[in-house]
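Per-entry structural report
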Amino acid sequence: MYLKRLTLFGFGQFHDRTFELAPGLNVLLGPNEAGKSTITQFITAILFGFPTKKHPELRYEPLDGSRFGGSVELVKDGNTYQVTRVDGARGGKVTLKNLTTDLALPATQLPKLLAPVDAQLFANVYALDERRLGTVFQASKQAVVAHLRHVGAVGSDFWLAQAQQLDKAADERYKPQGRNPLLNQQLRQHRELTDRLEKANAAYQTYWQLLQDQATAHQRQADLQQKLATARRQVDELTQQRQAWPIYQQWVDLGQTVSVPDTGFTEDDVTAFERVTSQVTAAQSALKADQQRLQNLQSHTQLPKLFQEALKVTPQLTPLLEQLPTVTETEQERARLLAQQRDLEQRTTGIERQYATTAGRMPRPFSLATTQQFKQLQDNLTLANQKRRRLQQELNQANEDYRRLQPTRQSRNPLADKQVGWLAAGLVTLIGAMFLPGTVFKLVGAALGIVIGYYGVFIVDSQTPASRQLQELSDDIRDLQAQLREGGQRIDEVTDQIDAIGAAHDLGRLPAEQWLAAQAAIGEWERLTQQLDSVHQRLAATAATQQDFYTAVTRLLPSLAQQELREVLAQLERLQTTQQQLATQDGELAGLTAQLKRDQVTLTTAQAAQRTFLQTRNVSDETEFYQQYQTIREQGNRAAQRQALATQLGAARLTQLQQTDLTTLTQAATTAQTTAADLQHQLDTVTTQLATLAGQLTHLTTSGTQATLRQKLANLETQMQTTAREWLLDRLTSQWIAATLEAASGDRLPQIVAQAGDFYAQLTENRYTKIELTAATLRVQRADGAWRTVGQLSRGTAEQLDLAVKLAFAVVMQPQAAMPIVIDDGLVNFDADRRQAAYQLLAKLGHHLQIILLTADTAAQNVVQGPTNRVLRLTSV
């Protein structure tokens with residue numbers, strides 16, 4: 001696929017402008033502000049949509065108010081399509097038409113026409129500029145594989161969505177920092193059961209002592225294992241050092257050499273440094289001349305002292321002035337938060353005075369279970385007191401009846417009268433029998449008299465109603481007294497339980513009748529406390545923001561250092577007003593002020609480039625740079641040979657060998673071996689002791705309570721294993737999907753790396769010959785065999801590496817994603833020779849790909865040859 005024609009209705013500075021493109025290399029020449037970046041953004045916007053209005057700097061809406069949008073004609077599979085996009089919702093209103101068949105197509109066909117390339121992949125690979133080439137410092141194998149997976153694996157979006165659903169399901173079962181997932185809840189329950197089991201076991205003194213012995217032994221075992229591992233590593237390390245000693249001795253014999261960097265000090269680097277130094281000198285001269293002219297003008301124009309001071313730091317002060325409205329709002333927010341803080345503190349203090357303990361602690365709120373338990377205890381206590389009062393009334397009535405029924409000395413007893421009558425009758429019968437004739441009659445009469453007297457004394461007494469009623473009352477009184485004693489014990493038990501709840505929640509100072517009413521106040525206190533904490537955090541954040549702003553301003557404008565923040569804000573507002581007034585004035589002063597700002601920016605940029613140049617080479621000044629340059633030229637074969645030996649040994653090994661000698665090393669190895677053997681013996685002894693303690697603990701933990709808890713713990717662990725297996729299945733399935741998608745496209749990765757290596761060799765004039773893509777970063781091999789990571793390369797060399805990788809990606813993936821490559825001034829950090837090499841490579845690739853190069857370098861037009869290539873010139877507006 002290639003772009004045939006660009007038509008800009010209104011986009012940035014362009015209005016009704018058309019560019020005809022060729023299928024090969026297209027060079028669009030133009031100076032700064034000619035619209036090169038505008039055209040790059042136009043291609044991206046028409047194909048993939050306008051950015052939202054939240055990012056106006058990326059929309060490039062027309063400056064003259066004309067219709068916003070344009071059209072692109074592209075050729076794919078022998079058909080010419082026209083994509084038109086104008087301002088509208090959701091990235092703009094799109095119209096798609098097949099010009100070959102003269103058929104209008106639905107806008108939904110555009111993503112399918114461009115597939116598998118989307119906006120993100122196009123921005124990351126096919127649209128290149130200096131900023132995006134700089135991302136090579138974050139490049140890794142994962143980033144390249146992600147691009148490959150998107151292009152090379154059909155249906156990858158569906159499977160990636162499935163993997164995300166599996167990850168979500170796994171997160172619902174377990175999260176390392178979660179509370180609600182099932183496995184997290186089971187882990188908390190496991191800890192609670194474990195704690196309960198430990199408390200149950202702690203009831204046995206012997207078990208506790210054995211547990212302490214076991215913990216001590218485990219700690220001893222862990223310490224010995226750690227020491228043994230350390231000793232073994234020490235033995236291995238010392239053995240390796242002894243084996244490396246002959247190589248080290250050769251390194252010592254070669255003598256000391258000065259270690260200097262081997263990159264960054266070539267002839268080209270010297271030329272580049274002289275060019276940067278010349279720019280700094282020229283910028284300083286221009287700034288000094290403009291400052292002198294400004295001083296001459298200031299003698300006629302009265303400017304505030306603060307404004308004169310701000311002119312010197314305008315580039316650094318401008319971002320702070322843009323923050324001025326935000327900081328002013330934070331000052332108002334701070335006043336509001338302080339008022340809210342005082343209100344919350346007054347409300348919490350009022351509740352604390354009413355309910356807090358003498359020690360200042362607030363009572364703890366009831367849980368739902370505690371509330372229900374307390375209500376039940378109150379109901380039980382009320383019922384018990386009511387029953388006690390009823391029984392006491394019944395007992396008092398029974399005692400009163402008993403006293404009423406008992407005979408007194410003053411009252412006449414009818415029973416006694418009956419007893420006397422029967423006794424008198426028996427006595428008369430007995431005496432009368434004595435006068436009867438015959439012994440038999442006398443005996444019968446005497447017996448009859450005795451029987452009559454016995455009946456009167458004993459039988460009549462036991463059969464009276466009064467006696468029976470007194471006996472029943474006595475039995476009732478004893479039963480009521482027993483019920484009262486039982487009720488008193490029940491009341492004491494309920495009262496003790498209520499007192500325990502009050503003590504556990506610090507409610508001892510309040511009557512129990514007020515506990516439930518106090519719960520609302522306690523909950524209100526906790527809510528107010530949380531709000532107060534939130535206010536404190538927001539106040540701290542506001543104070544930090546204000547302090548950062550105040551520090552930054554006073555560092556740039558020292559005359560404001562002793563003033564309060566409100567006064568500083570007022571001064572800055574006046575300064576900003578003065579700047580705006582001066583900006584609207586015509587004449588030489590306003591123009592000179594603007595020129596002075598540009599001079600300052602130019603000087604700052606040149607000085608930053610000079611510092612960056614020196615910092616990347618780890619030198620502090622120009623003298624040290626030339627000393628390093630001279631030292632590198634004087635390095636010889638001896639340093640190279642010694643460096644090879646040092647590389648073979650490694651930096652860490654070399655440092656270790658420098659700090660010892662062969663005799664000491666041999667003795668240390670022998671001592672380390674002896675120590676490791678002794679630690680192994682001690683570890684075996686502790687392991688045996690742990691086995692003995694485990695058997696004793698098993699014997700002691702066979703009580704019913706421990707057995708029940710252990711059974712619950714075992715059941716919970718079974719559930720946890722099931723949950724963990726389900727979590728692991730979801731997680732592994734998600735990882736399998738990712739690995740499968742990577743495998744579907746991974747066969748192209750070696751092709752891309754090999755192709756990128758060839759391109760990189762051409763771009764660097766064979767200084768670097770090979771590229772290796774690791775899991776963490778990219779690294780390259782120099783012609784002399786040395787490897788360098790991206791971080792060790794200069795910015796220009798690193799950008800050449802990124803260009804090589806992205807060109808290789810486009811070439812290898814062309815059968816699946818034939819997209820044009822757009823390069824917007826992406827070669828500005830290349831030196832002249834490597835820039836020319838890049839032009840030649842792009843011209844060569846133009847036979848297979850469409851490449852749109854937008855540049856200000858007129859040398860780029862020299863490589864454009866052939867009917868498939870084209871040179872276009874942009875006119876600055």
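Here the structure is shown first, and the text comes after it.
If you're wondering where the values come from, they're calculated on a predicted model, not measured in any experiment.

Calculation rules
Residues numbered from 1 in each chain as written. Predicted model: local features only at pLDDT ≥ 70, side-chain atom pairs only at ≥ 80, totals over all residues. Heavy atoms only, no water. Helix = DSSP H or I, 4+ residues; strand = E, 2+ residues; numbered from the N terminus. Contact = heavy atoms within 4.5 Å. Areas by Shrake-Rupley, 256 points an atom, 1.4 Å probe, with all protein chains shown as cover. Axes fitted to C-alpha atoms, helices over the stretch in contact; angles between N-to-C directions. Parallel < 35°, antiparallel > 145°, perpendicular 65-115°, else oblique. Left-handed = near helix turned anticlockwise from the far one by under 90°. Nonpolar A, V, L, I, M, F, W, Y, C, P; charged D, E, K, R; others polar. Phe/Tyr/Trp six-rings, centres within 6.5 Å; stacked < 30°, edge-to-face > 60°. Buried < 20%, exposed > 50% of the residue type's maximum accessible area, 1.4 Å probe, protein only. Lys NZ or Arg CZ within 6 Å of the ring centre and 35° of its normal. Pairing = 2+ DSSP bridges. Core = buried A, V, L, I, M, F, W, Y, C linked by side-chain atoms within 4.5 Å. Right-handed = clockwise from strand over helix to strand, strands pointing away. Salt bridge = Lys/Arg side-chain N within 4 Å of Asp/Glu carboxyl O. Patch = residues over 30% accessible without salt bridge, like charges linked within 9 Å, V, L, I, M, F, W, Y side chains within 5 Å. Expected span 1.5 Å × (residues − 1). Lys, Arg positive; Asp, Glu negative; His and termini not counted. Charge placed at Lys NZ, Arg CZ, Asp CG, Glu CD.

1. A look at the overall build of the chain
Along the chain, the regular secondary structure elements total 28 helices and 14 strands. A fraction of 73% describes how many contacts in the chain between residues 6 or more apart in sequence connect residues 24 or more apart. In the structure as shown, the chain presents an accessible area of about 50,400 Å², 52% of it carried by carbon and sulfur atoms.

2. Focus on the environment of glutamine 576
Here glutamine 576 shows up in helix α19 (residues 565-584). C-alpha of glutamine 576 to C-alpha of threonine 318: the two residues are 258 residues apart in sequence and 9.5 Å apart in space. Sequence-distant contacts of glutamine 576, that is, excluding residues within four places in its chain, are made with Leu321 and Leu324.

3. Quick notes on the packing of helix α12 (residues 314-322) against helix α18 (residues 515-556)
Their axes nearest at 10 Å, the elements α12 and α18 cross at an angle of 150 degrees. Judged by the inter-axis angle, α12 sits roughly antiparallel to α18. Where α12 crosses over α18, the handedness of that crossing is left-handed. Of the residues in α18, those touching α12 at Gln316, Leu317 and Leu320 are Phe549, Ala552, Val553 and Leu556. Classifying every residue of the contact of α12 with α18 by side-chain character gives 6 nonpolar, 1 polar and no charged.

4. Some remarks on the packing of aromatic side chains
Think of a pair of aromatic rings as described by two things: how far the centres are apart, and how the planes are tilted against each other in angle. Under the definition given, this model contains 8 aromatic pairs. On the basis of an interplanar angle of 10 degrees and a centroid distance of 5.7 Å, the ring pair of phenylalanine 11 and tyrosine 60 is categorised as stacked. Of this pair, phenylalanine 11 sits in strand β1 (residues 2-11) while tyrosine 60 sits in the loop between α2 (56-59) and β4 (69-76), and the two are 49 residues apart along the sequence. Ring centres of phenylalanine 122 and tyrosine 126 lie 6.3 Å apart, and the angle between their planes is 20 degrees; on these two criteria the pair is classed as stacked. Here the residue phenylalanine 122 and the residue tyrosine 126 both occupy positions in helix α4 (residues 119-126), the gap between them amounting to 4 residues, near one helical turn. The buried category is assigned to tyrosine 126, whose relative accessible area is 0%. Over the aromatic face of phenylalanine 613 sits the side chain of arginine 617, whose NZ or CZ is 3.6 Å from the ring centroid.

5. What about unusual backbone geometry?
Most peptide bonds take the trans form, and the phi angle of most residues other than glycine is negative. Residue proline 116 is bonded to the preceding alanine 115 through a cis peptide linkage, with omega at 5 degrees. Along the chain, proline 116 turns up in the loop between α3 (109-114) and α4. A positive phi angle is found at aspartate 825, which is not glycine, with a value near 45 degrees. With respect to the element layout, aspartate 825 can be found in the loop between β12 (821-824) and α28 (832-845).

6. Topic: the sheet that holds β12
Adjacent strands of a sheet form backbone hydrogen bonds with each other and so pair up, either parallel or antiparallel. Strand order in this open sheet of 5 strands is β8-β12-β13-β3-β14, and the pairing throughout is parallel. Looking at strand neighbours, the two that pair on one side only are β8 (127-129) and β14 (870-873), the edges of this open sheet. Across the sheet, the axes of successive neighbouring strands diverge by a mean angle of 15 degrees, strand direction being ignored. The sheet contact formed by β12 and strand β13 (residues 851-855) spans 4 bridges and is parallel. For valine 822, the partnering residue across the bridge sits in β13 and is isoleucine 852. Each of β8 and β12 touches α4; the most contacted strand, β8, lies at about 40 degrees to it. Each of β3 (25-29), β12 and β13 is contacted by α28, which is oriented at about 150 degrees to β13, the strand it contacts most.

7. Considerations on the nonpolar core
If you look at the biggest cluster of nonpolar residues, it comprises 81 residues, and the most contacted ones within it are Leu6, Leu25, Ile39, Ile43, Tyr126, Leu801 and Ile821. When residues in this core are grouped by element, the largest group, 10 residues, is from helix α27 (residues 795-812). Every residue in contact with isoleucine 39, bar those within four places of it in the chain, is listed here: Leu6, Phe14, Phe19, Leu28, Leu854 and Leu874. Formed by 30 residues, the second largest nonpolar core is a distinct cluster that contains Val280, Ala283, Leu317 and Leu565.

8. Some words on the pairing of β13
In terms of burial, β13 is largely enclosed, as 5 of its 5 residues are buried. Of the two faces of β13, the one lined by Ile851, Leu853 and Thr855 and the one lined by Ile852 and Leu854 are each fully buried. Note: β3 against β13, 5 bridges, orientation parallel. Residue pairing for β13: leucine 25 is matched across the bridge by isoleucine 851. Regarding topology, α28 serves as the crossover connection from β12 to the parallel β13, and that connection is right-handed.

9. Digging into the pattern of salt bridges
Going through the model one piece at a time under the given rule, you end up with 19 salt bridges. Here aspartate 825 makes a salt bridge to lysine 36, at a shortest N to O gap of 3.8 Å. Placement of the pair is aspartate 825 in the loop between β12 and α28 and lysine 36 in helix α1 (residues 36-48), with a sequence separation of 789 residues. Where glutamate 799 meets arginine 795, a salt bridge forms, and the shortest distance between an N and an O atom there is 2.9 Å.

10. Some thoughts on a nonpolar patch on the surface
A cluster of nonpolar side chains, contributed by Leu427, Ile431, Met434 and Phe435, occupies part of the molecular surface with about 460 Å² of accessible area. Summarising the element assignment, leucine 427 is placed in helix α15 (residues 414-433). Note on leucine 427: relative accessible area 48%, which makes it partly exposed.

11. Examining α1
Over its 13 residues, α1 extends 19 Å from the first C-alpha to the last, a length consistent with the 18 Å expected when each residue adds 1.5 Å. Where burial is concerned, most of α1 is hidden: 11 out of the 13 residues are buried. Within α1 the residues assigned to the buried category are Lys36, Thr38, Ile39, Thr40, Gln41, Phe42, Ile43, Thr44, Ala45, Ile46 and Leu47. Where α1 ends, the next residue or the one after it, glycine 49, has phi of about 115 degrees, a positive value.

12. Remarks on the sheet that holds β4
With respect to topology, 6 strands assemble into an open sheet ordered β2-β1-β4-β5-β6-β7, the strand pairing being antiparallel. Taken across any chain shown, the strands that pair with only one partner, and hence form the sheet edges, are β2 (14-20) and β7 (103-105). Between one strand axis and the next, the sheet turns by 15 degrees as a mean value, whatever way the strands run. Two strands pair when backbone bridges link them, and β1 and β4 are joined in this way by 7 bridges, in the antiparallel orientation. Counted as the bridge partner of leucine 6 is valine 72 from β4. Most of the contacts of α1 go to β1, to which it runs at about 100 degrees, and overall it touches β1, β2, β4 and β5 (79-86).

13. Examining a negative patch on the surface
On the surface, a cluster of negative charge is contributed by Glu267, Asp268, Glu765, Asp831 and Asp833. For glutamate 267, the position within the fold is in helix α10 (residues 267-298). The exposure class assigned to glutamate 267 is partly exposed, which follows from its relative accessible area of 49%.

14. Observations concerning the pairing of β3
The buried fraction of β3 is high, at 5 of 5 residues. Of the two faces of β3, both are covered, the one formed by Leu25, Val27 and Leu29 as well as the one formed by Asn26 and Leu28. Across 4 bridges, the pairing between β3 and β14 is parallel. Each residue of the ladder has a partner; that of leucine 29, found in β14, is arginine 873.

15. Some words on the side chain of threonine 370
Note that threonine 370 resides in helix α14 (residues 368-405). Beyond its immediate stretch of four places on either side in the chain, threonine 370 contacts Ile501 and His505.

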